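The chain contents come next:
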Amino acid sequence: GPKVLQIPSHQIIDMGQMVTLNCDPVSNHLYFYWYKQILGQQMEFLVNFYNGKVMEKSKLFKDQFSVERPDGSYFTLKIQPTALEDSAVYFCASSRDRDYEQYFGPGTRLTVL
Amino acid sequence: QQQVRQSPQSLTVWEGETAILNCSYEDSTFDYFPWYHQFPGESPALLIAIRPVSNKKEDGRFTIFFNKREKKFSLHIADSQPGDSATYFCAAHNTNTGKLTFGDGTVLTVKP
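Conventions used here
- Residues numbered from 1 in each chain as written.
- Chains lettered and ligands numbered in written order.
- Predicted model: local features only at pLDDT ≥ 70, side-chain atom pairs only at ≥ 80, totals over all residues.
- Heavy atoms only, no water.
- Pairing = 2+ DSSP bridges.
- Helix = DSSP H or I, 4+ residues; strand = E, 2+ residues; numbered from the N terminus.
- Axes fitted to C-alpha atoms, helices over the stretch in contact; angles between N-to-C directions.
- Disulfide = S-S within 2.5 Å.
- Buried < 20%, exposed > 50% of the residue type's maximum accessible area, 1.4 Å probe, protein only.

Right, let's talk about the sheet that holds strand β1 (residues 5-7) of chain A for a bit. Residues and elements named next belong to chain A. With respect to topology, 4 strands assemble into an open sheet ordered β1-β3-β8-β7, the strand pairing being antiparallel. Lying at the two open borders of the sheet, with one neighbouring strand each, are β1 and β7 (65-68). With direction set aside, neighbouring strand axes in the sheet form an average angle of 20°. Examined bridge by bridge, β7 and strand β8 (residues 75-79) share 4 bridges and lie antiparallel to one another.

Written as structure tokens, this is what we have:
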């Protein structure tokens, strides 16, 4: 089936540093999402993005978070500065439309020390 | 307030039995209800989904039963196999926002 790619698979950084998580969504998809999953817990919605804009964000999407997709390249999640509680697996997803199935990437495991 | 509740937290069945996983939701604006399964270290993958116009959806060994009035839906896995062992998440989708709200997950173990 369609594949969403995420780079890197693993990232370890020191608290206070900036990190950028990259997502390569399915090529004809127009809606993009980030979800956060702390080990053993549910996946929680962070943000969705369409046509260059944030459509909706949750209270987990702190001011230190930002998303963009410059010129159709990677859909990115940037955290600046990072905090210890940002340690989690971040999943990117994409869908053709809001009403269609979301395909998930393999996740980026972020560890903030 | 948790929007999507899932039970049980963990479930163990023998090979060949039917596993039943349950979910309930609060928000009446949810309009699409998928089930995902997730193997350790992998991404969630869509298993089966239902819209509220139906009360049942079957795909092979997997069946969703949906009760709109009670705001409940369940996943039945017939003839469970050891390869079905995974974490199963129910979710509810709001088309207006495109947002998926997940349950806490059920860890299913199928013993041979």
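Text resumes after the structure shown.
Quick look at the state of the cysteines now. For the coordinates displayed, the defined rule picks out 2 disulfides over all chains. Covalent S-S linkage joins Cys23(A) and Cys92(A), the inter-sulfur distance amounting to 1.8 Å. Across the disulfide from Cys23(A) to Cys92(A), rotation about the S-S bond amounts to roughly -65°, and the bridge is consequently left-handed. Highlighted residues: Cys23(A) in strand β3 (residues 19-24) and Cys92(A) in strand β9 (residues 88-95), separated in sequence by 69 residues. Cys92(A) carries the same exposure label as Cys23(A), and that label is buried. Shown here is the disulfide that connects Cys23(B) with Cys90(B), its sulfur atoms set 1.7 Å apart.

These figures capture arrangement, not role.
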